[in-house]
Amino acid sequence: MEGLENRTYAGEAEPGTETAVAGWVHEVRDLGGIAFVILRDTTGKIQVKFEKDDADDDLVKTGLNAARESVIRVVGEVTEEPRAPTGVEMVPSEVELISEADTELPLDPSGKVGAELSTRLDNRTLDLRRAESQAIFEIRAEIFRAVREAFRQADATEINTPKIVATGTEGGTELFPITYFGEEAFMNQSPQLFKQLIAGSNIERVFEIGPIFRAEEHNTPRHLNEATSIDFEGAFCDHRDAMEICQQVIVAAAEAVTECESQREALELDEFTVPDTPFPRLTYEEAIQRINATGALDEQLVWGDDLPTEGEHALGEDVGQHYFITDWPSDIKPFYIKDHDDDPDLSTGFDLMHPRMELVSGGQREHRYDRLIEGFEQQGLNPDEFGYYTEMFQYGVPPHAGWGLGGERLVMTMLGLDNIREAVLFPRDRQRLSPWATFTIHETWRWSGLVVRVCNCVWFGLGFAFVRILLLGSFHSPGRLSDSRPVFGTTHSLWPGWYWPCSADRGPTEWPLMISGGHTIQSPRERPSRSRDDKY
């Protein structure tokens, strides 16, 4: 691998120079007496021409026998060639095979043969060699850079809050429990309470861009169990100030997208525009009236209803751009949202909506200790469990407001992606706990036990399968493996193959089926129920 320190990127190779390039074999075209290798790196592609009669046989063999996606280094002269994909080509004097790729690829990085999203996510490294996928994450990086700059222009300081907490932001629901030195702890749902405490210090305005974790059982194109939250909190701010900063951040992110010309071209986003400002502001009451007027719902919404997904879609089509929904009923907003002083039934909470979905939830916070404790009790929460949070409100916390923005939803809506998982390198959802998928199979056959045993025979041979059938069928307690880990609810398996524990009081069709590699296959009775969003 000599000469890699002097490597030139494909997109920067100049005609009339002797240079060295290195990258992946994107395509090989053998036309008989002449052949071409298209080499690709992070900047683009360059054509390498092999004239078989004039070139060294070993050099031609090395270049043309390299399988697609193999990594090669090429040294040679760069010349102008209008017919080449980038207007230049190389005539090689040296070709080195650095890393050979398998001839059987799970997907085609050239994009000529399409692949399902699940296949792409299972093979993210290959998928990111596609120009479209690479463009998404290059734009995502620019969006987050612009968001940070917008916050700095608003005099906000970046912070990092704990992701391991003793209790949830809004109680004990939708939390991922973990063991923390023998104590029960949880992955944090939101930096909400921590950022409020920091805003109550002398720093005043803060922001955070970081992961959040929600144990929701959604399985939709717009939900994740690990997501990136973009959060703001500002002291001496009210809900109107928070909405103004939110609008500034969205516009800054959109302006960053307009500057990513080559990436937008790869994604065919030629008509992308920065959203018009100011964003319209509808009260909650106006929103439900406009949704009802569309006739999109079977039943009319009434005061106090949450907005269903169908209603959000109908309202988004009606408004046609980003918009705020303000003045939500107090009863359906979290305990820390302040009510209007002149109407305790109305909260200062707001949501920022894209025509496709909700992006932001925020509002002014309750900064008065007594009112805050009342809010906990009204929502059935024990204030004592949040002592680290409520105690500080006895020491002089100013009025403050803020919001949280879903980072992946922002990328998804700006780039017109069909599924939020396309905006995440390695998504975590109900079926995916690693770069590889966790499958769900609808097992309904009463004779499934026989099928499983046949699979064992195929995998390991009759003898080993027979031993395992005896052990698992007779000597193990129902639903447990030999290391005492429960079968149901785990994504681990001791042995490759299929497991089918049975017991006297629970038939084989009632147990979840385990397949090697950590894939949980749930029986119908154990599958979580669908949420109202599952069909969208």
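Residues numbered from 1 in each chain as written. Predicted model: local features only at pLDDT ≥ 70, side-chain atom pairs only at ≥ 80, totals over all residues. Heavy atoms only, no water.

## A closer look at the side chain of S190
Which entries qualify depends on this criterion: Strands are runs of DSSP state E lasting at least 2 residues, helices are runs of H or I lasting at least 4, and numbering of each runs from the N terminus. Three labels apply to residues, based on accessible area from a 1.4 Å probe with only protein chains included: buried if under 20% of the type maximum, exposed if over 50%, partly exposed otherwise in between. Side-chain atoms alone can form a polar contact between residues adjacent in sequence; in general such a contact is a pair of N or O atoms within 3.5 Å, and within protein one must be able to donate a hydrogen while the other accepts it.
Structurally, the position occupied by S190 is in the loop between β9 (183-187) and α5 (192-199). For S190, a relative accessible area of 12% corresponds to the buried category. From its side chain, S190 meets the backbone nitrogen of Q192 in a polar contact 3.0 Å long.

## What to know about a negative patch on the surface
Test applied: Patches were defined on residues exceeding 30% relative accessible area and lacking a salt bridge, with like-charge contacts within 9 Å and nonpolar side-chain contacts (Val, Leu, Ile, Met, Phe, Trp, Tyr) within 5 Å. Method for areas: the Shrake-Rupley scheme with a 1.4 Å probe, in which residue coverage is limited to the protein chains shown. The working definition used for a salt bridge is a side-chain nitrogen of Lys or Arg within 4 Å of a carboxyl oxygen of Asp or Glu. Charged residues are defined here as Lys and Arg on the positive side and Asp and Glu on the negative side; His and the ends of the chain fall outside this count. Each charge is placed at NZ for Lys, CZ for Arg, CG for Asp and CD for Glu.
A contiguous patch of negative charge on the surface is contributed by E265, E268, D270 and E271. Along the chain, E271 turns up in the loop between α7 (261-266) and β12 (281-283).

## Considerations on the nonpolar core
What counts is decided by this rule: As used here, the term nonpolar core means buried Ala, Val, Leu, Ile, Met, Phe, Trp, Tyr and Cys residues forming a set that is joined through side-chain atoms within 4.5 Å.
If you look at the biggest cluster of nonpolar residues, it comprises 52 residues, and the most contacted ones within it are I143 and W403. Broken down by secondary-structure element, the contributors of at least two residues to this core are α4 (131-153), β10 (205-213), β11 (226-235), α6 (239-258), β16 (350-354), β17 (357-364), β18 (400-406) and α12 (407-415). With 20 residues, the next largest nonpolar core counts A10, V25, A35 and V37 among its residues.

## Considerations on the pairing of β16
For the record, the criterion: Any two strands are treated as partners once DSSP identifies two or more bridges connecting them.
With five of its five residues buried, β16 lies for the most part within the structure. A two-sided burial pattern is seen for β16, the buried positions comprising F350, L352 and H354 on one face and D351 and M353 on the other. As judged from the three bridges shared by strand β13 (residues 323-326) and β16, these two strands associate in the antiparallel manner. Looking across to β16, one finds that I325 is bridged to D351. Relative to β17, β16 runs antiparallel, the two sharing five bridges. Looking at the pairing, M353 lines up with E358 of β17. Counting the residues between successive antiparallel strands, the hairpin from β16 to β17 contains two residues.

## Some remarks on the confidence of the model for the chain
Inclusion rule: The predictor rates its confidence in each residue with pLDDT, a number between 0 and 100. Residue contacts are counted whenever heavy atoms from the two residues lie within 4.5 Å of one another.
Per-residue confidence for the chain averages 83 on the pLDDT scale, and 79% of its residues sit at or above 70. Within the model, pLDDT remains below 50 along residues 438-457, and this stretch shows 40 contacts once partners closer than five positions in the same chain are excluded. In this model residues 464-536 is a low-confidence stretch, pLDDT under 50, and it forms 148 contacts with partners more than four residues away in sequence or in other chains.

## Topic: the sheet that holds β9
Pairing within the open sheet is antiparallel, and its three strands lie in the order β7-β9-β8. In this open sheet, the two strands that pair with only one neighbour each are β7 (164-165) and β8 (176-180). As paired elements, β8 and β9 share five bridges and run antiparallel to each other. Following the sheet pairing, F176 is matched in β9 by M187.

## Quick notes on the packing of α4 against α6
Formally: Helix axes use the C-alpha atoms of the stretch in contact, all axes being lines fitted to C-alpha atoms, and the angles between their N-to-C directions lie in the range 0 to 180 degrees. Working rule for angles: under 35 degrees goes down as roughly parallel, over 145 as roughly antiparallel, 65 to 115 as roughly perpendicular, anything else as oblique. By the definition used in this description, the sense in which the near helix is turned from the far one sets the handedness, with an anticlockwise turn below a right angle giving left-handed and a clockwise turn giving right-handed. In this classification, Asp, Glu, Lys and Arg are treated as charged, Ala, Val, Leu, Ile, Met, Phe, Trp, Tyr, Cys and Pro as nonpolar, and every other residue, Gly included, as polar.
Look at α4 against α6: their axes get within 8 Å of each other, and the N-to-C directions meet at 140°. Judged by the inter-axis angle, α4 sits oblique to α6. For the pair α4 and α6, the crossing hand works out as right-handed. Of the residues in α6, those touching α4 at I139, E142, I143, R145, A146, V147, A150 and F151 are V249, A252, A253, A256 and V257. Residues of the contact of α4 with α6, tallied by class, amount to 11 nonpolar, no polar and two charged.

## Structural notes on the pattern of salt bridges
Per the counting criterion, the structure on display carries 33 salt bridges. Among the salt bridges present, the one from R29 reaches E27, with a minimum N-O distance of 3.4 Å. E27 is the partner of K112 in a salt bridge, and the nearest nitrogen-oxygen pair spans 3.0 Å. Placement of K112 in the loop between β5 (88-99) and α2 (117-122) and of E27 in strand β1 (residues 18-30) is noted, with a sequence separation of 85 residues between them. Overlapping salt bridges, with partners in common, bring together R120, R124, D127, R130, E132 and E422 in one network.

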